[in-house]
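Chains, contacts and geometry: an overview
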Amino acid sequence: MIDGPLVLVVEDDPNIADLVDLYLRKNDFRTIRAVDGATGLAAVRDRRPDLVLLDIGLPGDLDGFDVCQQLRASSEVPVIFMTARDDEVDRVMGLKLGADDYVSKPFSPRELVARVEAVLRRSSADKPDGPRRHEVGDLVVDEMAHEASVGGQSVELTRREYDLLLALVEHRGLTLSRRQLLDLAWGTDWIGDERTVDVHVRQLRAKFDHHLDLRTVRGTGYRMA
Ligand code: CA
């Protein structure tokens, strides 16, 4: 499940974001989240998602329209608007912002996933999309080679260690709970003790030492710097 397309969900309503997240991940997408426009733009720049799901009514200075406009100045990433009102639909249609599609709230999760898949199919015809290579300091995670290395030296990892490391690297800067890490690296169907995460984190720390800038967030989980 870790190899699916990466979708950025820009949505300030945590209930909607949770639902979208859940369904996308159920369908083998990977997700990252942003709660406002500025964070969303930064996430597109830093993480290069394959698609952006963009709420229109966002807190802060930038609404969804602004975000789309700024995105289009520098990125071809497909955008699907999530609209809450008819007048927003009219503006999406009218402004020719370069959005690829829109869904109206309330939408069914199935409809949303179908739209996402359709837009990705269309856009992947345009650009070849290879697996990523993540660099964090001198630590490199290469999805193509399925390998992690430090200063060019490959580090031997078990499959779980690799999946966990990739989940952390992909969500760097964000605090992830043990449950989220289990979902990301072990899969949502996996049932087991959350301390499994701690065990694997210990193993990663032992293998990477100071090359792994991984903080324990007390009472919550972990964050990759
Ligand atoms: Ca909103």
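Residues numbered from 1 in each chain as written. Predicted model: local features only at pLDDT ≥ 70, side-chain atom pairs only at ≥ 80, totals over all residues. Heavy atoms only, no water.

**Examining helix H7 (residues 178–186)**
- The element H7 is extensively covered by neighbouring structure, given that seven of its nine residues are classed as buried.
- Residues of H7 that are buried sit in contact with helix H1 (14–26), helix H6 (159–170), strand E10 (175–177), helix H8 (195–208) and strand E12 (221–224).
- Gly187 lies just past H7 and shows a positive phi near 100°. (Buried < 20%, exposed > 50% of the residue type's maximum accessible area, 1.4 Å probe, protein only. Helix = DSSP H or I, 4+ residues; strand = E, 2+ residues; numbered from the N terminus. Contact = heavy atoms within 4.5 Å.)

**Let's talk about the sheet that holds strand E2 (residues 30–34)**
- Here we have five strands laid out as an open sheet, ordered E2-E1-E3-E4-E5, and parallel in their pairing. This sheet does not close on itself; its edge strands, each paired only once, are E2 and strand E5 (101–104). Strand-to-strand twist in this sheet, taken as the mean axis angle between neighbours without regard to direction, amounts to 20°.
- Pairing of strand E4 (residues 79–83) with E5 involves four bridges; the strand directions are parallel. (Pairing = 2+ DSSP bridges. Axes fitted to C-alpha atoms, helices over the stretch in contact; angles between N-to-C directions.)

**What to know about the nonpolar core**
- Membership of the largest hydrophobic core comes to 27 residues, with the highest contact counts inside it found for Leu164, Leu165, Leu168, Leu181, Phe208, Leu212 and Met224.
- Counting residues per element, the ones that place at least two in this core are strand E7 (139–142), strand E8 (147–150), H6, H7, H8 and E12.
- The element that contributes the greatest number of residues to this core is H6, accounting for seven residues.
- Beyond its immediate sequence surroundings of up to four residues, Leu164 is in contact with Leu181, Ala185, Trp186, Val197, His200, Val201 and Leu204.
- In this structure, Ala34, Val77, Val92 and Leu97 belong to the second largest nonpolar core, which totals 22 residues. (Core = buried A, V, L, I, M, F, W, Y, C linked by side-chain atoms within 4.5 Å.)

**Here we look at the coordination of the calcium ion**
- In the first shell of the calcium ion, the protein supplies Asp12 (OD), Asp55 (OD) and Gly57 (O), at 2.2 to 2.3 Å from the metal.
- Mapping the donors of the calcium ion onto the primary sequence yields the spacing D-x42-D-x1-G. Within this pair, whereas Asp12 is found in the loop between strand E1 (6–10) and H1, its partner Asp55 is found in strand E3 (residues 51–55), the two being separated by 43 residues in sequence.
- Judged by its relative accessible area of 33%, Asp12 is partly exposed.
- Take Asp55: its relative accessible area is 3%, and that puts it in the buried class. (Donors = N, O, S within 2.8 Å, 3.2 Å for Na, K, Ca; no water.)

**Regarding the packing of H6 against H7**
- At a minimum axis distance of 8 Å, the contact between H6 and H7 shows a crossing angle of 120°. As judged from the angle between their axes, H6 and H7 are oblique. Where H6 crosses over H7, the handedness of that crossing is right-handed. Contacts between H6 and H7 involve Arg160, Asp163, Leu164, Ala167 and Leu168 on the former and, on the latter, Leu181, Leu184, Ala185 and Trp186. (Parallel < 35°, antiparallel > 145°, perpendicular 65-115°, else oblique. Left-handed = near helix turned anticlockwise from the far one by under 90°.)

What is shown is where atoms sit, not what they do.
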